[in-house]
Amino acid sequence: MPGSMNEPELLHAGLNLGNHPPAMRQQLECSIFGFWVFLMSDAILFALLFAVFGTAIQNTAGAPSPGSAFKISAAGRETFALLSSSFTYGMVSICLKHDASRRWVGLWLAITFCLGAWFLDGEVHDFLKMFHDGVTPQRSAALSAFFVLVGTHGLHVTAGMVWILLMGAQMAVYGIDERVKINFIRLGLFWHFLDLVWVAIFSVVYLRGLLG
Amino acid sequence: MQVAMVSGSLIWHLLLGRFVWADLPIVKAWQDPTFSNIIAGGAAGIAAGGALAGFLLITYLRKWRYLWTQWFTSLDHKRIGIIYICLALVMMTRGLIEAVLMRVQQDLAVNAPGILAPDHFAQFFSTHGTIMIFFVVMPLIAGLINFVMPLQIGARDVAFPLLNSISLWLSVGGAGLVMVSLVIGEFSTGGWSGYPPYTELAFNGGVGPDYWIWAVTMSSMSATLTGINFAVTIYKMRAPGMHWMRMPLFTWTALCTSILMIYAMPPLTVATLLLAADRYFGMHFFTNANGGNMMTYVDLFWLFGHPEVYILILPSFGVYSEVVSTYSGKELYSYVGLVIATMAIAVLSFTVWLHHFFTMGQSADINAFFGIATMLIGIPTGVKIYNWIWTMFMGRVRYTAPMLFSIAFMITFVIGGLSGIVLATPPLDYMMHNTLFLVAHFHNMLIPGTLFGLIAGCQYWFPKAFGFRLIEKWGRISVLFWVLGFYLAFMPLYVLGASGAPRRTVEFYDPAFRPWLLVAMCGAFLIFAGFLCLFMQVWSSVKQREALAVPVGDPWDGRTLEWSVAAPPPEYNFATIPQIGRRDAFYWRKANAGAYRPADHYRDIEIPKNSACGIVFGIAMAFACFGLVWHIWLLAAAFGLITCIAGLARSFMRDLHRILPAAEVEAEDRRWLAIAGAAAPTPRVLEHTPANEGRAICPEV
């Protein structure tokens, strides 16, 4: 069997899976590695949206530039919410690693969900405010690129929150079995990845936007 | 009265979106019976009638249950691979008919309108390109790799069998959209690359570009997922001892193609979805107004498009490596060189996308950089050609149909490569771009480079998949037609292109073009004849399958692991996972009398249960996209919801595997070993006679 004997013991942060036969270990390894590869593909998608944003930023066509339209205070609050949610998800992973009860995992998961919701709330309000002021993606290429880049991240966060609900439900139904654990680890990768993308968005879109 | 009319049109919009009766080509042909419209109506009739006939035939034969349980819901990589190849053959029939009709049109349309209206002709070249790239070659690649790669690395399946099924049905759904566009509405007229601003609302408000966007998006999602699946399989699921440098070359090319898919498909997804954002939400990424810039689209598209060329071609290079080595009875010459060349091509493929638009306004320095990078690709490719030639050198070459395809490829591909060097030179490209010279060049790469290889691969591994050989005679006739047809169809296009004949043109005005166009048309007919010969080959082989049976599974004296199991292989591929000691593992096992031995110990095998999730997901996605095309928002939302539910429901299932007991595995293995023991080893001269039961004479070391 692959991955046996002379290869190092497979240890993944939070992967508290006990002693499994090699075939099982191989399957688990595939699951996590495959998700990393998927994230790489997703990272390319974001990289391209950043590139599109970079080339379109000057093309305001008489409409307000994104930098003059968004509220940096809202973006700051969103950043706080999302970065904190990464910390709380880290607590989910630590609970899983130390075989904590469902209650603790569930608690941290719920806090993560609330922080995610707070983030989305901030983003949606900021967008609605901009729409209200007549700053819509239809006005210029720069605004199209802004809304699609930030919005795609927002959609990812929404998907992540649906996933959190799903994991909560699965944990309630099945307890913390192998598949639930694997999916907790994948969800963690996804959630932290969105954090990273947000850091890039905050730096490239929001902070740079302040420069005018 | 008026209220009733308003609410009537409201309901119409709710249920049918922007559809009106005149969108049906059959209705259009009835109302305005020009020849072009009659062709469109006839094509719609054939597509709809064909689908209906297939449905009735399966119902009459009572095969729905069999198809559903054994094929549609199967997660077995071998069956998924075979469905992919069937899909490709159906779509290739349409793609080739379109090619022939386009050649006929251009032949007739010298100072005359010909048989196709300009708009209709534009749909022809758009569907032809879209179908051939996304729904013929991509499924052929996914199919061949699916079938062969896990067998070659000693794995029981791919890493994610369900994801594999989802990918398959996304491809089928995308192909379905293209076919539906034949019956309801129309397809894009914007070419396979769909450049804005022409494909934007301002110039093209109809459903055509939307069909293109969603069909291509489904295909690119399918390819991304397939790439991830294959790459993880090769990274993580090789049998013990199958080190990187012991992998068969086809698996190496599968790995490189998968990596390219992971990196190169997202740009296409981004390009098509941003175009959709322009068309559906009135945004301004690629429009002429409000700061939109179509160059962004062109960059994104070719950031995908060039690596795509190598996604298409590398697996064929893998097939050639296997075929040439096997039919020359020799180890591959410079295996390491071939591996390095494959990797080099994969890396370089990301550095050349700009050569698709030298004329679109970059500075000369930038063009020079990309021109040189393009020419560099000729080096590793040349290395490969030499390696194959040296593999044949001093070998006992058997000129089977796959081998003939390989030799035809080597010669023809070099010509295409040379014309590529011409086009890679920016000043020359300024002369040649957008002419038939370019059309000749890329067909010269893709037909011998990709299609010949994939057909050769299908013929080479056919006995492994179905347990009987294909009749050689029809295969060789097919090679003759394909090769002759290729030269006649495309060499004239070089001449025409160099004389200034533009591509994608419905009518020509220079009578000097006529003879060349006539020859090209004859070539197209010959290629079509070659395609029909392939069906004849399968048909007559099926009829004689008893005499052609090779149950032992090694009809060609193969070298790699896939030949070490029965034909067709058991569901779990290997009764026990093999240990690999060196390259060409099976060949050396045969040489050391280690083949066809029972295992010391059999274990229970876990097999994934069938799942309807993949087919539900793919088909529902196709319906949702159909709703988007016609602005039937209700339909799009409903089926979008179904795809989500299919995915969510699956995540709550726990009973996903069944266990095959060790005793059953052992019994089946021993039955096969008894057949192998009773079979007389065949010398190579009797390879194509009924004496070949799939057991080769042990090689001398």
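Residues numbered from 1 in each chain as written. Chains lettered and ligands numbered in written order. Predicted model: local features only at pLDDT ≥ 70, side-chain atom pairs only at ≥ 80, totals over all residues.

## A closer look at the overall build of chain A
Formally: Secondary structure counts use DSSP, requiring at least four H or I residues in a row for a helix and at least two E residues in a row for a strand, with both numbered from the N terminus. Comment: burial labels come from other C-beta atoms within 10 Å of the residue's own C-beta, placed from the backbone, where a count of 20 or more is buried, 12 or fewer is exposed, and between is partly exposed. Contact between two residues is assigned whenever their backbone-derived C-beta positions fall within 7 Å.
The secondary structure content of chain A amounts to six helices and zero strands. The order of helices and strands in chain A, counted from the N terminus, is α-α-α-α-α-α. Taken over 212 residues, chain A has a buried fraction of 33%. Across chain A, contacts joining residues at least 24 apart in sequence account for 80% of those joining residues at least 6 apart.

## A word on the overall build of chain B
Our working rule: The globule rule used here is 2.2 Å times the number of residues to the 0.38 power, and the radius of gyration it is set against is calculated over C-alpha atoms.
Within chain B one finds 23 helices and two strands. Relative to its length of 701 residues, chain B is compact, with a C-alpha radius of gyration of 26 Å against a globular reference of 27 Å. Along the first, second and third principal axes, the C-alpha set of chain B runs to 80 × 60 × 45 Å. Sorting the 701 residues of chain B into buried and exposed places 54% on the buried side.

## Some words on the interface of chain A and chain B
Cut-off, in case you're wondering: Residue classes follow a fixed rule: Ala, Val, Leu, Ile, Met, Phe, Trp, Tyr, Cys and Pro count as nonpolar, while Asp, Glu, Lys and Arg count as charged, and any other residue, Gly among them, counts as polar.
On the chain B side, the residues contacting the 32 residues of chain A number 35 residues. Secondary structure elements with two or more residues in the side of chain A that touches chain B: helix H1 (22-56) and helix H5 (141-174) of chain A. Residue contributions to the side of chain A that touches chain B peak at 16 residues, all from H1 of chain A. Within the side of chain A that touches chain B, the residues separate by chemical class into 20 nonpolar, ten polar and two charged.

## Some words on the packing of helix H6 (residues 118-152) of chain B against helix H9 (residues 249-281) of chain B
All names here are of chain B. To keep things clear, this is the line we draw: Angular values range over 0 to 180 degrees, each being the angle between N-to-C directions of two axes fitted as lines to C-alpha atoms, with helices fitted over their stretch in contact. To sort the angles, those under 35 degrees are grouped as roughly parallel, those over 145 as roughly antiparallel, those from 65 to 115 as roughly perpendicular, and the leftovers as oblique. Crossing handedness: left-handed means the near helix sits turned counterclockwise from the far one by under a right angle, and right-handed means the same turn made clockwise.
Taken N-terminus to C-terminus, the directions of H6 and H9 make an angle of 125°; their axes are 10 Å apart at the nearest point. Between H6 and H9, the interaxial angle falls into the category oblique. Remark: the crossing between H6 and H9 carries left-handed chirality. Contact residues: Ile-141, Ile-145, Val-148, Met-149 and Gln-152 in H6; Phe-250, Thr-251, Ala-254 and Thr-257 in H9. The residue makeup of the contact of H6 with H9, split by class, is six nonpolar, three polar and no charged.

## Some remarks on helix H12 (residues 364-376) of chain B
All names here are of chain B. Using the following cut-off: Working rule for helices: expected span equals 1.5 Å times residues minus one. To be clear, the arc concerns the directions from the helix axis to the C-beta atoms.
In this model H12 runs 18 Å from its N-terminal to its C-terminal C-alpha over 13 residues, within 8% of the 18 Å that 1.5 Å per residue would give. What H12 keeps buried is the set Asn-367, Phe-370, Gly-371 and Thr-374. Considered in projection along H12, the buried side chains sweep an arc of 105° and stay on one side of the axis. Each element contacted by the buried residues of H12 is listed here: helix H15 (426-432).

## Considerations on unusual backbone geometry
Most of the time, phi is negative for any residue but glycine, and the peptide bond is trans. All names here are of chain B. Each neighbour pair has its own omega, and for Pro-196 with Pro-197 the value is 0°, a cis peptide bond. By the element assignment, Pro-197 lies in the loop between helix H7 (161-183) and helix H8 (208-236). The omega angle of the peptide bond from Ala-567 to Pro-568 is -10°, so this bond is cis rather than trans. With respect to the element layout, Pro-568 can be found in the loop between helix H19 (545-548) and helix H20 (585-591). Even without being a glycine, Ala-593 presents a positive backbone phi close to 55°. Structurally, the position occupied by Ala-593 is in the loop between H20 and strand E1 (605-608). Look at Ala-593 and you get exposed, because 9 C-beta atoms sit within 10 Å. The phi angle at His-631 is positive, at roughly 60°, despite the residue not being glycine. His-631 gets classed as partly exposed once you count the C-beta atoms within 10 Å, which come to 16.

## Regarding the packing of H6 of chain B against H8 of chain B
Residues and elements named next belong to chain B. Put simply, H6 and H8 touch, their axes get as near as 11 Å, and they point 20° apart. In this view, H6 runs roughly parallel relative to H8, as classed from their interaxial angle. Taken as a pair, H6 and H8 cross one another with a handedness that is left-handed. Touching Ser-126, Thr-130, Phe-134, Phe-135, Met-138, Ala-142, Ile-145, Met-149 and Pro-150 of H6 are Trp-212, Ala-215, Val-216, Ser-219, Ala-223, Thr-226, Phe-230, Thr-233 and Ile-234, all from H8. Classifying every residue of the contact of H6 with H8 by side-chain character gives 13 nonpolar, five polar and no charged.

## Description of helix H21 (residues 613-629) of chain B
Its 17 residues give H21 of chain B an end-to-end C-alpha distance of 24 Å, which sits within 8% of 24 Å, the value for a rise of 1.5 Å per residue. For H21 of chain B, a buried count of 17 out of 17 residues is recorded, marking the element as mostly surrounded by other parts of the structure.

## Focus on the confidence of the model for chain A
Here is the rule we go by: pLDDT is defined as a per-residue confidence score from the predictor, taking values between 0 and 100.
With 89% of its residues at a pLDDT of at least 70, chain A reaches an overall mean of 89. Note on residues 1-10 of chain A: pLDDT is under 50 here. Beyond four places in sequence and across chains, it has 16 contacts.

## Remarks on the environment of Ile-115 of chain B
Residues and elements named next belong to chain B. Along the chain, Ile-115 turns up in the loop between helix H5 (77-108) and H6. As a C-alpha pair, Ile-115 and Trp-169 span 54 residues in sequence and 36 Å in three-dimensional space. Sequence-distant contacts of Ile-115, that is, excluding residues within four places in its chain, are made with Phe-35, Ser-36, Ile-39, Val-104, Gln-105 and Leu-108.

## Looking at the environment of Pro-427 of chain B
Its place among the elements puts Pro-427 of chain B in helix H15. The sequence separation of Pro-427 of chain B and Phe-462 of chain B amounts to 35 residues, and the corresponding C-alpha distance is 46 Å.

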